[in-house]
Amino acid sequence: MGLTRRDWLQWTGGAAAGVMAAGGLQAAFEEHFQAATPAAAGEQTLITSCGICSPSCGIKATVKDGAIRFLEGLEGDLSGNGHLCGKGAAGAAFTYDPDRLKYPMKRTNPKKGLDEDPGWVRISWDEALDTIAAKIKDAITRYGQESLLFVTLPSPDVWMRFMNAIGVINRIDHIDECFLTDRIIQRYTTGGKTWCNDFENSKYIVLFGWDILAKAKLVYANGIVDARDNGAKIVCFNPQYSATARFADEWYPIKPGTDLAVALAMIQVLLSENLYNKEFVDAYTNFKDYETKIREHFAAYTPEWAEQESEVPADVIRRIAREFAANGPAIVPAHKKTLCANYANGSQLVHAISILNILAGTIDRPGGRYFPRSVNIPGVDNIYPPPAYPPKQGRRIDGKEKLPFVLEDGGGMFSTLTDGILNRYPGMIKFAFFNFYTALGFPNPPQMFEALKTIPFLAVMDIIPTDTANFADIVLPHVTYLEANDLVARDYKAKYPQVVVRQALIPPMFETKSIAYVGLELGKRLAPDYFKTPAGEFINLNTLLDEKTKRSGLGGSFAEFKAVGIYENKQPFTPRTTFATAGGSGKCQIYVPQFAEKGADPLPVWRPKRDLPSPEYPYYYLTFIPAVHRRNTTENNAILHEMFPTNSAIISTALAAKLGIKEGQTVRIRSRVGAIELPAHLTETIRPDAVMVAHGFGHRSKFLTKAGGLGARDGDVIPAQTIDELVKAGNFAGAACIMDAVVNIEPL
Amino acid sequence: MNAEQTAFLTFAGSAFLSPEPARLLALARELGDAEFVEILETQADGLEQDYNRLFLNPLGTPLPPWQDANQEEARLMGEAHLSALEWYRRFGVAPQRTSDPADHIGLLLLFYARLLDDAPEEAEAFRIRHIDWIPEFCSKVETQAQHPFLRTLAQRLRQVLA
Amino acid sequence: MAKYGWLLDAKRCIECRACESACKQWNGVETGINVRYRRVNVSESGKYPNVKTQALSMACNHCENPWCIKACPVKAIWRRDDGVVLIDRDRCVGCTMCAQLCPYGAPQFNIEVRKMEKCTMCVDRIDAGLQPACATLCPTGALKWGKWDDIQNKGAAQVPGFANPNQTKPNIRFVVSGWGK
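Residues numbered from 1 in each chain as written. Chains lettered and ligands numbered in written order. Predicted model: local features only at pLDDT ≥ 70, side-chain atom pairs only at ≥ 80, totals over all residues. Heavy atoms only, no water.

### Describing the overall build of chain C
Our working rule: A run of DSSP states H or I qualifies as a helix once it reaches four residues; a run of E qualifies as a strand once it reaches two. Both are numbered from the N-terminal end. The globule rule used for comparison is 2.2 Å times the number of residues to the exponent 0.38, while the radius of gyration itself is calculated over C-alpha atoms. Note on exposure labels: buried denotes an accessible area under 20% of the residue type's maximum, exposed denotes more than 50%, and partly exposed covers the range between, all computed with a 1.4 Å probe on protein chains only. Only heavy atoms enter the contact rule, under which two residues are in contact if any of them lie within 4.5 Å. Note on areas: these come from Shrake-Rupley sampling with a 1.4 Å probe, and a residue is covered only by the protein chains present in the view.
A count of helical and extended segments in chain C gives 7 helices and 9 strands. The C-alpha atoms of chain C give 16 Å as radius of gyration, which agrees with the globular expectation for 181 residues (16 Å, within 12%). If one aligns the C-alpha atoms of chain C with their principal axes, the spans along those axes are about 50 × 35 × 30 Å. A buried classification covers 56% of the 181 residues belonging to chain C. Considering only contacts within chain C whose residues lie at least 6 apart along the sequence, 59% involve residues at least 24 apart. Here chain C has roughly 8100 Å² of accessible surface; of this, 51% comes from carbon and sulfur atoms.

Shown next, in the form of structure tokens:
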């Protein structure tokens, strides 16, 4: 059907797009439509990176007619090895979720509560940023920097620069619920980030609570599959028989919180029978300097002793330790929540695991934990050096100053934040900004909701509506990773450097922006001297990305690199012979003198978990994250929601029989801090003295049209901590104790 | 449909795209619609809040104003978006905001009004594909809206489209 | 004789459900109405602590002797020359007889359009020389797709929990040999 010239002019008003003709109704059409060429958009293949979890698997995306059609893995990508997990494959459903945040909004109803309607009014980005800047300035002037609370990771670099530029002392992230203990221990025992596990070359793999397969983290899962194909033996200690246990040769339903006992006993066997890798230990560690102390320290941690604590038979522990030594390369992976943060003895467990890997002689060696060989992508402080940042002054809301190693690290602390806000320094926080975090991620979320009520001004930036947003004064909509641009180094499996691009598959929808934009714009308003280039102009995010691309050697510009998509330098892997441990000895440290100097344990000592079964609370509380979900951010994704819509109380058939609980019956799980009610699901795969609940559910907002109102918050029964509790427990590396609870179970 | 009704469709489309009271008042006067003029002159307060609460609520949208989001399987940038884009393209136009879904109720109404005026032989096919979902949407707006402007708008639109 | 089939190595399944997501994405299968062409079914056996689990990713087995075709009263299901079994949605009247007879739960009732639908082996992909979406995304090689000539001798016809293959002769084999590339 052809159009006459008269029709064409009529459709476009005969004027350039965007020019308003006279007459309101007549202009309405032109206000919202523009001339377009009739050519249909074709099909494009674009390379990008996933953004659901940190390994950021490479994506080959099919985009048709400006809409994301299909996501699959990227061949050659080190993280995903050419694949995506169920979450990554469902990524477009985040971008196209009708519930996603779209425009900046402010509240007009001053009353805050989970059931209050905030009375949202849409505002422009400029108004949102002006308001937030004014609130920050006011808080600093009247109450000092300590009155600002930023609950956010320290990235991206432009956002961190803003926080540094205004002297934020209270920046809190969730890393104490994740890898904080491991990062601190590695700083002193091996000198680097040992997140890379060379599983495909391992011959003996011991897993303490490490449940990566059941979380579908492909970068490691692929390695475990390779290890199996290459004839490795896998031993799994976990109170639950999960998908990870299914991949193991031996599974032991260890008593929760006692992995430390088994690890200590394994060290005892290796030392007392002299089964450790002498060549590595003598050449590259401080063993000889502290040998007597070390041998004496571990002597009492016999397998017989460990059996009493862990219920793992002594002869099994002894045999596994011997096999570990004889069938190298051997590895004990650590990293992330499942063993770093769960219990009060997390610091000790991670230290013991590091020692096992050191004794196996596989630090930065084939088959072991190794340091990533990364492309050095310079940050904004490197490209546009800032003036000196102001000193961070004031009181720390999370009490980190009482834990010197946590203070030095800078990460954390979710587990002490609510105590800080409600009890230690009530009323100190006048302004808070939550970036991509919500109360559900804290222990004892109801306590966090109480804490939020005491904060006069709250800004929330996120992708999906959260219960925390319900308390916000201003809500800011963040782009999804499929609408973002970045350079992503492969840090989780990097024997050679590799970078994969992240490029927007579609332009950001509605008025979504990135947190980097927020950092830059607030910086322009509140600390302009920190946001100028040497030429005196304000930093431009696109130019910055071009500079990063150029200076990393990835190409002449970001546009040039994104057409290529992947950069790698397949340099040969040269194992390290010096180790950058703190203190400058150049060696791995088994005994850590720096810990002793500051009143922490220089060698791991046995400590039990914090909460132990009692007559009132006889059962262990376990949590997990389903393979198709990620923290508490994916429950509303249409595809993932269908696979796993809600949580249940998972208990063994034996325990159910004892308590008179039937499949599907509602039970109440109660701890010393709270209670939840869930339908029971019976299984044979879990210890009969435990109950297991999936994390991430219990979103209240009825406006989350899929996830809202479903399930219970697992965190409601998990105690938060005071900083003094951590100190008293010898928890010097700040483990959040995110699973350290015991409960009562009652059928209803 | 007569000229008065298509003009109303343009008015309704504009209102769904932006609830700015002063502009809507000017349009209502041009339309010569006494009922809307009266509401906007005397009760403009709270219109934006109610609009945001219904259509753009950051806690989750109870009445997402895009056709795809009102199918049983709610999503954005789905079949209706692609189909609307194709319709617009055939007539040489595209939405101003290219990064937003093309099946916004306001865009569909504006386009439908133009079709009725300038290419009425095409209007029926467009109505079946992209307008027939609107009366049910209007019923929900009537039930859930608190502001009289939105309730009246939905009621009148449902009548015009019947 | 079918041209294609599935090769399932259940021990390699990590239950990541990339196969389910990929299928949903590629085929635009509606969410929220419990229609999933492919599902990972996890079953357990034994008693604690001697417990075992098994994860089987199941879609349609595009059988040699499809009972769904026999069951359909309006001849809405048909088999291509290469063995792919497809439902003609225009002819389907939603009587659900195919679902009642299929031993594998492949045909499913879409409550919105009141018709049956199921796995199509991604015919648009295989006709373009690609693999079905599910097999394309499986990270561990638990789910493979390929020429039936290659697959039919690569494993067992049945595993626990899988219906007797002699009934419909599904084009699927289960790897029962051990680890190793």
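That covers the picture; the talk isn't over yet.
### So, the interface of chain A and chain B
Note: interface size is frequently given as the accessible area lost on complex formation between the parts. So the rule is basically this: Each reported salt bridge corresponds to a side-chain nitrogen of Lys or Arg within 4 Å of a carboxyl oxygen of Asp or Glu. By the criterion applied in these results, polar contacts are pairs of N or O atoms within 3.5 Å in which, for protein atoms, one can donate a hydrogen and the other can accept it, and in which residues neighboring in sequence qualify only through two side-chain atoms. Note on pairing: DSSP must find at least two bridges between two strands before they are called paired.
If you look at the interface, chain A gives 57 residues, while chain B gives 49 residues. At the boundary of chain A and chain B, one finds 3 salt bridges. Taking the shortest distance from any N to any O, the salt bridge between Arg23 of chain B and Glu31 of chain A comes out at 3.9 Å. The interface formed by chain A and chain B contains 10 residue pairs in polar contact (both at pLDDT 80 or more). Elements with a minimum of two residues in the side of chain A that touches chain B: α1 (5-12), α2 (24-32), β1 (33-35) and β6 (121-122) of chain A. At 8 residues, α2 of chain A tops the list of elements feeding residues into the side of chain A that touches chain B. Examined bridge by bridge, β1 of chain A and strand β1 (residues 93-95) of chain B share 3 bridges and lie antiparallel to one another. Looking across to β1 of chain B, one finds that Gln34 of chain A is bridged to Ala94 of chain B.

### Regarding the sheet that holds strand β2 (residues 43-49) of chain A
All names here are of chain A. For clarity, the threshold we go by: Structural elements are reduced to axes, namely lines fitted to C-alpha atoms, with helices fitted over the stretch in contact, and the angle between N-to-C directions of any two is expressed from 0 to 180 degrees.
Across the sheet, 3 strands lie side by side as β2-β3-β4; this open sheet has antiparallel pairing. This sheet does not close on itself; its edge strands, each paired only once, are β2 and β4 (67-73). Strand after strand, the sheet turns through a mean of 25° between neighbouring axes, direction not considered.

### A closer look at the confidence of the model for chain C
Where we set the bar: Confidence scores per residue from the predictor, reported as pLDDT, run from 0 to 100.
Residues of chain C with pLDDT of at least 70 account for 99%, and the chain-wide mean is 94. The ipTM value of the predicted complex is 0.94, and its pTM value is 0.91.

### Overview of the interface of chain A and chain C
For clarity, the threshold we go by: The term buried area refers to how much accessible surface (probe radius 1.4 Å) is lost by two components on association, counted for both of them together. When residue character is reported, Ala, Val, Leu, Ile, Met, Phe, Trp, Tyr, Cys and Pro are called nonpolar, Asp, Glu, Lys and Arg charged, and the others, Gly included, polar.
Between chain A and chain C, the contact holds 40 residues from the first and 42 residues from the second. Counting each side, the surface lost to burial between chain A and chain C is near 3400 Å², with a carbon and sulfur contribution of 56%. Inspection of the region where chain A meets chain C yields 4 salt bridges. Arg246 of chain A is paired through a salt bridge with Glu15 of chain C; the nearest N and O atoms lie 2.7 Å apart. Counting every contact that joins chain A to chain C gives 16 residue pairs in polar contact (both at pLDDT 80 or more). Here the side of chain A that touches chain C takes 7 residues from helix α8 (residues 218-229) of chain A, the largest share from any one element. Split by residue class, the side of chain A that touches chain C holds 25 nonpolar, 6 polar and 9 charged.

### Here's the deal with the environment of Arg156 of chain B
Inspection of the secondary structure puts Arg156 of chain B in helix α9 (residues 148-161). C-alpha of Arg156 of chain B to C-alpha of Phe8 of chain B: the two residues are 148 residues apart in sequence and 9.1 Å apart in space.

### What to know about the packing of aromatic side chains
All names here are of chain A. What counts, and what does not: Classification of ring pairs rests on two measures: the distance between centres of Phe, Tyr or Trp rings, Trp counted by its six-membered ring, which must be within 6.5 Å, and the angle between planes, read as stacked under 30 degrees, edge-to-face over 60 and tilted in between.
Throughout the structure, instances matching the rule amount to 65 aromatic pairs over all chains. When the ring of Tyr188 is compared with that of Phe595, the centres are 5.1 Å apart and the planes differ by 55°; the resulting orientation is tilted. Residue Tyr188 is found in helix α7 (residues 180-189), and its partner Phe595 is found in helix α24 (residues 593-597); the two are separated by 407 residues along the sequence. Of the residues examined, Tyr188 reaches a relative accessible area of 4% and is grouped as buried.

### Regarding the packing of helix α3 (residues 34-42) of chain B against α9 of chain B
Residues and elements named next belong to chain B. Stated formally: Each angle is binned into one of four classes, with values under 35 degrees roughly parallel, values over 145 roughly antiparallel, values of 65 to 115 roughly perpendicular, and all other values oblique. Handedness of a crossing is defined here by the sense of rotation of the near helix relative to the far one, left-handed for an anticlockwise turn of less than a right angle and right-handed for a clockwise turn.
Remark: α3 packs on α9, axes separated minimally by 10 Å, with the N-to-C direction vectors making an angle of 165°. Relative to α9, α3 is oriented roughly antiparallel. Along this stretch, α3 crosses α9, giving a crossing that reads as left-handed. Seen from α3, the contacting residues are Glu35, Phe36, Ile39 and Leu40; seen from α9, they are Pro148, Phe149, Thr152, Leu153 and Arg156. Its residues assigned to classes, the contact of α3 with α9 shows 6 nonpolar, 1 polar and 2 charged.

### Description of the state of the cysteines
Residues and elements named next belong to chain C. The test is simple: Note that a disulfide, as used here, is simply two cysteine sulfur atoms within 2.5 Å.
Going through the model one piece at a time under the given rule, you end up with 0 disulfides over all chains. Among the cysteines around Cys119, which has no disulfide bond, Cys60 carries the closest sulfur, lying 5.2 Å off. You can call Cys119 buried: its relative accessible area is 8%.

### Examining the pairing of strand β3 (residues 58-64) of chain A
All names here are of chain A. Counting buried residues along β3, 5 of its 7 residues qualify, which places the element largely inside the surrounding structure. Taken together, the 7 bridges between β2 and β3 define a ladder with antiparallel strand orientation. Bridged to Glu43 within β3 is Lys64. Hairpin connection, β3 to β4: the antiparallel pair is bridged by 2 residues, and Asp65 has positive phi, about 55°.

### As for the sheet that holds strand β20 (residues 566-568) of chain A
Backbone-to-backbone hydrogen bonds pair the strands of a sheet. The strands run either parallel or antiparallel. Residue and element names in this part refer to chain A. If you walk across this open sheet you meet the 3 strands as β18-β19-β20, and the pairing is antiparallel. The open sheet terminates on both sides in strands that have one partner only, identified here as β18 (486-489) and β20. For this sheet, the mean angle separating the axes of adjacent strands, direction not counted, is 20°. For β18 and strand β19 (residues 498-502), the ladder comprises 4 bridges, and the chain directions are antiparallel. What sits directly across from Asp486, in β19, is Arg502.

### Notes on the nonpolar core
Our working definition: What is meant by a nonpolar core is a set of buried Ala, Val, Leu, Ile, Met, Phe, Trp, Tyr and Cys residues, joined one to another through side-chain atoms within 4.5 Å.
One finds Phe208 of chain A together with Phe11 and Phe149 of chain B to be the most contacted residues of the largest nonpolar core, which totals 230 residues. Every residue in contact with Phe11 of chain B, bar those within four places of it in the chain, is listed here: Leu25 of chain A together with Leu24, Leu27, Ala28, Leu31, Phe36, Phe149 and Leu153 of chain B. Leu148, Met160, Phe433 and Ile539 of chain A belong to the second-largest nonpolar core, a separate cluster that totals 39 residues.

### Focus on helix α16 (residues 346-360) of chain A
Residue and element names in this part refer to chain A. The line we're drawing: A helix's residues, less one, multiplied by 1.5 Å, set its expected span.
For α16, spanning 15 residues, the distance from its first C-alpha to its last is 21 Å, which sits close to the expected 21 Å at 1.5 Å a residue. α16 sits mainly inside the fold: 15 of its 15 residues count as buried. Positive phi shows up at Gly361, right after α16, with a value of about 70°.

### What about the packing of helix α10 (residues 259-272) of chain A against α16 of chain A?
All names here are of chain A. Between α10 and α16, the shortest axis-to-axis distance is 9 Å and the interhelical angle comes to 30°. By the angle class used here, α10 and α16 are roughly parallel. As for how α10 packs across α16, the hand of that crossing is left-handed. Packed against α10, whose contacting residues are Asp259, Leu260, Ala263, Leu264, Met266, Ile267, Leu270 and Leu271, the element α16 presents Gln348, Leu349, Ala352, Ile355, Leu356 and Leu359 at the interface. Classifying every residue of the contact of α10 with α16 by side-chain character gives 12 nonpolar, 1 polar and 1 charged.

### Re the pattern of salt bridges
Taken as a whole and assessed by the stated rule, the structure comprises 76 salt bridges over all chains. Note that Arg100 of chain A and Glu483 of chain A form a salt bridge whose closest N and O atoms lie 2.9 Å from each other. In this pair, Arg100 of chain A is assigned in the loop between α4 (92-95) and β5 (105-106) and Glu483 of chain A in the loop between β17 (474-477) and β18, connecting sequence segments 383 residues apart. Measuring nitrogen to oxygen at the nearest pair gives 3.2 Å for the salt bridge that ties Glu20 of chain C to Arg17 of chain C. Taken individually, Glu20 of chain C and Arg17 of chain C each receive the classification buried, so the pair is uniform in this respect. Overlapping salt bridges bring together Asp126, Asp130, Glu521, Lys524 and Arg525 of chain A as one network.

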